[in-house]
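Understanding the architecture of this molecule
Here is what each chain is made of, one letter per residue.
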Amino acid sequence: MAPIVGLVGKANVGKSTFFAATTLKPVDIANFPFTTIKANRGIAYFRSKCVCTEFKVKDNPNNSACIDGVRLLPVDLIDTPGLIRGAHEGKGLGNQFLDEVRRADALIVVCDAAGSTDVGGQPVTPGSNDPLDDIRLFEEEFDLWLLNIISKDFEKFSRTAEMKREEIWKYIDEKLSGLGITRNHIINACEKCKLNPFKATGWSREDLKRFAVELRKSSKPLIIAANKADKEFAQENIERIKAEGYIVIPTCAEAELALRRAADAGLIKYTPGDKDFNILQPDKLNQNQLRALESIREKVFRKYGNTGVQDAVNEAFSKLLDMIVVYPVEDADKLTDSKGRILPDCYLVPNGITARQFAGVIHSDLADSFIYAIDARTKKRLGEGQTLKNRDVIQIVAAKARK
Ligand SMILES: Nc1nc2c(ncn2[C@@H]2O[C@H](COP(=O)(O)OP(=O)(O)OP(=O)(O)O)[C@@H](O)[C@H]2O)c(=O)[nH]1
Ligand SMILES: [Mg+2]
């Protein structure tokens, strides 16, 4: 199953703006809390330097796009309803929020880096709210929600497990099925908290709390999109968030959305993640629009290098989910598929994937009939257990299917 990244966080911080900017889906955006009531799901893009430039070929992309040597691979993103204090008890849109978040494999926690919204998501003067509180709000609500699920009947099932001299895993597993939390996550969290799985009756409420925190960290890794970075007070707040040890990416979702829409309309040339943009049709833009574009250059590109939105998506898939890009071809010399298309496809796959596993990603039959693979760069043969590297171009040689 393709992994999903979720945009989560306090109400009115810019989650839907971020989502719309990456997916170009028309979703509701407004400067008040709870604009989003139901989650939005869409396709964003992972940006990767295409191998076409290195191989000096003109490619014919099929499952992805290639713009001036930049490969854009489709990835799944969900935009969730805003979160407020008490969400774990169903306050605000708590239930809807948590219901959606369970489907995500990694999270981008969006916060209002300018501190321009209060704890309920109402607009306030920039600088009056601490964005670190936005982040803690998410973590605390999620942890309490998880704690509630784990603690329900915990005494009963910990006694049963102990009586049967069993580890507690199975019982926790059952409760957490459907939340994207695996046995491995549970075992890791238990080890981190130094809890004895055979003696769960001795786990205190505090132990369970620590356990819930570790479970969240291992099953839903997160990065911070420090949004509204264009506003006053954002820069110093971003430094403070970084100092707390979070992976932080300053973002300006509003700017990214404006640029993507302008590019879509052919007014500017801009590919998500670019360090600048070119105005193509100045005569079609009015003074206000031109001024807005210049302001984006000034307040976002000069200050931060880019809008950060694409970097956040990339970071979530490459760092949090540890994925790499691999190109399958049917002819390692010509770099073509059966139809003669050059470098048509590429896939985001887990780092550590073997040649045979990659064959299975292309087609399950191909894994069964796998003989060996060829690395198009070195022309070397790769055995079934050979692990692939980022931006590898791979031909799979398989036994012909019997008629
Ligand atoms: N200055 C600035 N404003 C932004 C930015 N991103 C979003 N906004 C504004 O913030 C407000 C809230 O945006 P939304 O995308 O609706 O926020 P949300 O987090 O989805 O809100 P809920 O769905 O209510 O939780 C809107 O007025 C946006 O235009 C940004 O990068 N900079
Ligand atoms: Mg929203």
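Up top you'll find the structure we're talking about.
Predicted, not measured: the structure shown is a model, and the values here were computed from it.

1. Section: the pairing of strand β6 (residues 222–227)
- For β6, the tally of buried residues reaches six of six residues, placing the bulk of the element in the interior.
- Bridge count for strand β5 (residues 106–112) against β6 is six bridges, and the pairing is parallel. Residue pairing in the sheet places Val110 in a bridge with Ala225 of β6.
- Judged from the three bridges that link them, β6 and strand β7 (residues 248–250) form a sheet pairing that is parallel. By the bridge assignment, Ala225 is partnered in β7 with Ile249.
- Crossover connection from β6 via helix α9 (residues 234–243) to parallel β7: handedness right-handed.

2. Some details on the coordination of the magnesium ion (ligand 2)
- Within the protein, Ser16 (OG) and Thr36 (OG1) serve as the donor atoms for the magnesium ion (ligand 2), at 1.9 to 2.1 Å. Here Ser16, found in helix α1 (residues 15–23), pairs with Thr36, found in the loop between α1 and β2 (40–49); they are 20 residues apart in sequence, far enough to count as distant.

3. Description of the site of ligand 1
- Lining the immediate surroundings of ligand 1 are 23 residues, of which Asn12, Lys15, Thr17, Phe34 and Thr35 lie closest.
- Here Thr17 contributes a side-chain N or O atom positioned 2.5 Å from an oxygen atom of ligand 1.
- Between ligand 1 and the protein, one listed contact pairs an oxygen atom with a backbone N or O atom of Lys228 at 3.4 Å.
- Calculation on ligand 1 without its partners gives an accessible area of 650 Å², and the protein chains cover 93% of this total.
- Looking at the shell around ligand 1, the elements that each hand over two or more residues are α1 and α10 (253–264).
- Looking at the shell around ligand 1 element by element, the count peaks at three residues for α1.
- Tallied by class, the residues present in the shell around ligand 1 amount to nine nonpolar, nine polar and five charged.

4. Points about the side chain of Thr80
- Along the chain, Thr80 falls in the loop between β4 (70–79) and α3 (94–101).
- The exposure class of Thr80 is buried, given its relative accessible area of 0%.
- Of note is the side chain of Thr80, whose polar atom sits 2.7 Å from the backbone oxygen of Leu7.

5. So, the packing of α10 against helix α11 (residues 287–304)
- At a minimum axis distance of 11 Å, the contact between α10 and α11 shows a crossing angle of 140°. The pairing of α10 with α11 is recorded here as oblique in orientation. Considering how the two elements wind past one another, α10 and α11 form a crossing that is left-handed. Each of Ala255, Ala258 and Leu259 in α10 lies in contact with α11, whose residues at this interface are Leu293, Ile296, Val300 and Phe301.
- Class assignment of the residues belonging to the contact of α10 with α11 gives a composition of seven nonpolar, no polar and no charged.

6. A look at unusual backbone geometry
- One non-glycine residue, Phe34, lies in positive phi territory at about 65°.
- Tracing the chain through its elements places Phe34 in the loop between α1 and β2.
- What makes Phe34 partly exposed here is its relative accessible area of 28%.

Cut-offs used in this document
- Residues numbered from 1 in each chain as written.
- Chains lettered and ligands numbered in written order.
- Predicted model: local features only at pLDDT ≥ 70, side-chain atom pairs only at ≥ 80, totals over all residues.
- Heavy atoms only, no water.
- Buried < 20%, exposed > 50% of the residue type's maximum accessible area, 1.4 Å probe, protein only.
- Helix = DSSP H or I, 4+ residues; strand = E, 2+ residues; numbered from the N terminus.
- Pairing = 2+ DSSP bridges.
- Right-handed = clockwise from strand over helix to strand, strands pointing away.
- Donors = N, O, S within 2.8 Å, 3.2 Å for Na, K, Ca; no water.
- Near = heavy atom within 4 Å.
- Polar contact = N/O pair within 3.5 Å; in protein donor to acceptor, adjacent residues only side chain to side chain.
- Areas by Shrake-Rupley, 256 points an atom, 1.4 Å probe, with all protein chains shown as cover.
- Nonpolar A, V, L, I, M, F, W, Y, C, P; charged D, E, K, R; others polar.
- Axes fitted to C-alpha atoms, helices over the stretch in contact; angles between N-to-C directions.
- Parallel < 35°, antiparallel > 145°, perpendicular 65-115°, else oblique.
- Left-handed = near helix turned anticlockwise from the far one by under 90°.
- Contact = heavy atoms within 4.5 Å.

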